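Inside the fold
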Amino acid sequence: RAKELGKNYFEIFTPSISVKTYQQFTLERDMHKAIKEEQFEVYFQPKVHRDTYEIVGAEALIRWNHPVWGMVSPGEFIPLAEESGIINEIGDYVMEKVLKQLGSWKRQGMPLVPISINVAPQRFLRKNYFNMVKQTIINYEVNPNLLELEITESSFLHNSEVVLKMVQELRKLGVKVALDDFGTGYSSMTRLTELEIDILKVDRSFVKDVESNRKKAVILESLIIIAKELKMEVVVEGVETEAQLKFMQEKKCDIIQGYIFSKPVPAWQFTEMLETRKLSPKTQTENGTEVD
Ligand code: C2E
Ligand code: MG
Ligand code: MG
Ligand code: MG
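Residues numbered from 1 in each chain as written. Chains lettered and ligands numbered in written order. Predicted model: local features only at pLDDT ≥ 70, side-chain atom pairs only at ≥ 80, totals over all residues. Heavy atoms only, no water.

- Per an unreviewed UniProt entry, the protein chain carries the name EAL domain-containing protein and comes from Sutcliffiella rhizosphaerae.

Set out below in structure tokens:
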């Protein structure tokens, strides 16, 4: 889907093929440079236990501090990076940074929590992916259990057999696998019958307005039940309001990720959070979301 988005973007906004090529060329060149010059930074968004508010993990999310444009959100450059193939390098960069960070927390004697990384479908399908993951884990002497890989269902579109195999191999290594953005795009219940995964991440579109939209409430509750019955950990993304948090608590959703606890933050800030171990829900004015 991201790939298609990238394509449409250029089809709609650029008048000719030469401009399209030029823009892509410029961006690609900028992204290569960005890796070398460390313009990319990995942020961490805490995942919190629904009742104790303890930090039980975090998702690594990339940020691009562009010298001219300032902070560029991944929603803008990931689709282009996927289109140009540079996503593979970016993804390996994130993997390296995250495992390095885990290694350094370990040496500092910090409480360790699993960190998840988003993996682009095309990277996952590459032959050397498994070896890269394994080698990086070994290099930084990190427990494989502390690494979670978030894949989306677009990974399955082309070669689902290879994906299923890769998931199996990674889990044998001890790495956890999560299905991201569940309930959107190409996702289907069938996938849950054929895929052995550890974590289901329910897309935040189901959370939005859940307190007032009965259909969403029913679907969200059912997804939580399905995940549990299938022995998966369930993470709900995009929890912003106290009403939504209350819903998750009532429906016994294991883990919550959302602005109500924290936006993605730089490593140093997440380290401070880890030291205190717990977060508390912010009020709506604090977390910057609009109050209805
Ligand atoms: P995602 O993997 O589904 O990540 C969750 C996104 O939801 C993040 O956006 C996060 O900041 C946002 N989010 C979390 N809680 C809330 C909330 O309460 N309210 C709102 N409005 N948003 C919330 P972000 O960081 O902009 O990333 C967007 C997408 O870009 C990610 O979606 C992921 O698909 C992709 N992405 C980010 N980093 C990477 C990366 O390192 N590699 C790859 N391949 N993709 C990445
Ligand atoms: Mg994700
Ligand atoms: Mg997601
Ligand atoms: Mg997403």
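**Thoughts on the coordination of the magnesium ion (ligand 2)**
- Note on the magnesium ion (ligand 2): its protein donors are Glu-59 (OE), Asn-118 (OD1), Glu-150 (OE) and Asp-180 (OD). The metal-donor distances range over 2.0 to 2.2 Å.
- Sequence spacing of the donor residues for the magnesium ion (ligand 2), all on one chain, is E-x58-N-x31-E-x29-D.
- A separation of 4.0 Å is found between the magnesium ion (ligand 2) and the magnesium ion (ligand 3), which are bridged by Asp-180. With Glu-150 in strand S5 (residues 147–151) and Asp-180 in strand S6 (residues 176–182), the pair connects residues that are 30 residues apart, well separated along the chain. As far as the burial class goes, Glu-150 and Asp-180 line up, both buried. (Donors = N, O, S within 2.8 Å, 3.2 Å for Na, K, Ca; no water. Helix = DSSP H or I, 4+ residues; strand = E, 2+ residues; numbered from the N terminus. Buried < 20%, exposed > 50% of the residue type's maximum accessible area, 1.4 Å probe, protein only.)

**What to know about the site of ligand 1**
- The local shell around ligand 1 holds 22 residues, among which Arg-63, Asn-118, Asp-180, Glu-240 and Tyr-259 are the closest.
- One nitrogen or oxygen atom from the side chain of Arg-204 is found 3.2 Å from a nitrogen atom belonging to ligand 1.
- Look at ligand 1: alone it shows 800 Å² of surface, and the protein chains cover 84% of it.
- The dominant element in the shell around ligand 1, judged by the number of residues it contributes, is strand S2 (residues 55–66), at 4 residues.
- Grouping the amino acids of the shell around ligand 1 by side-chain chemistry returns 10 nonpolar, 4 polar and 8 charged. (Near = heavy atom within 4 Å. Polar contact = N/O pair within 3.5 Å; in protein donor to acceptor, adjacent residues only side chain to side chain. Areas by Shrake-Rupley, 256 points an atom, 1.4 Å probe, with all protein chains shown as cover. Nonpolar A, V, L, I, M, F, W, Y, C, P; charged D, E, K, R; others polar.)

**Describing the packing of aromatic side chains**
- Under the defined criterion, the tally for this structure stands at 10 aromatic pairs.
- Relative to Phe-77, the ring of Trp-64 lies with its centre 5.4 Å away and its plane at 80°, an arrangement referred to as edge-to-face. In this pair, Trp-64 is assigned in strand S2 and Phe-77 in helix H3 (residues 74–84), connecting sequence segments 13 residues apart. The two residues Trp-64 and Phe-77 agree in class, both being buried.
- Through a chain of ring-to-ring contacts, the aromatic side chains of Phe-40, Trp-64, Trp-69, Phe-77 and Tyr-93 assemble into a single cluster.
- Cation over ring: Arg-63 sits above Tyr-43, and NZ or CZ is 5.6 Å from the ring centre.
- A cation sits over an aromatic face here: Lys-263 above Tyr-259, 5.0 Å from the ring centre. (Phe/Tyr/Trp six-rings, centres within 6.5 Å; stacked < 30°, edge-to-face > 60°. Lys NZ or Arg CZ within 6 Å of the ring centre and 35° of its normal.)

**Points about helix H11 (residues 267–276)**
- Residues Ala-267, Phe-270, Thr-271, Met-273 and Leu-274 constitute the buried set of H11. Looking down the long axis of H11, one finds its buried residues gathered within 160° of arc, a one-sided arrangement. Pointing more than 90 degrees away from the buried face of H11 are the exposed residues Trp-268, Glu-275 and Thr-276.
- Taken together, the buried residues of H11 touch strand S1 (40–49), S2, helix H4 (87–107), strand S4 (115–118) and strand S10 (265–266).
- Immediately downstream of H11, the backbone of Arg-277 shows phi near 70°, a positive value. (Arc of directions from axis to C-beta. Contact = heavy atoms within 4.5 Å.)

**What to know about the pairing of S4**
- When S2 meets S4, the two strands line up parallel, connected through 3 bridges. Residue pairing in the sheet places Glu-59 in a bridge with Ser-116 of S4.
- Looking at chain direction, S4 and S5 are connected through 4 bridges and run parallel. Across the sheet, the residue bridging to Asn-118 is Glu-150, located in S5. (Pairing = 2+ DSSP bridges.)

**Things to note about the pairing of strand S7 (residues 199–202)**
- On S7, burial covers both faces: Ile-199 and Lys-201 on one face and Leu-200 and Val-202 on the other are all buried.
- Two elements, S7 and strand S8 (residues 233–237), share 4 bridges in a ladder whose sense is parallel. What sits directly across from Ile-199, in S8, is Glu-233.
- Running through helix H9 (residues 214–229), the crossover from S7 to the neighbouring parallel element S8 is right-handed. (Right-handed = clockwise from strand over helix to strand, strands pointing away.)

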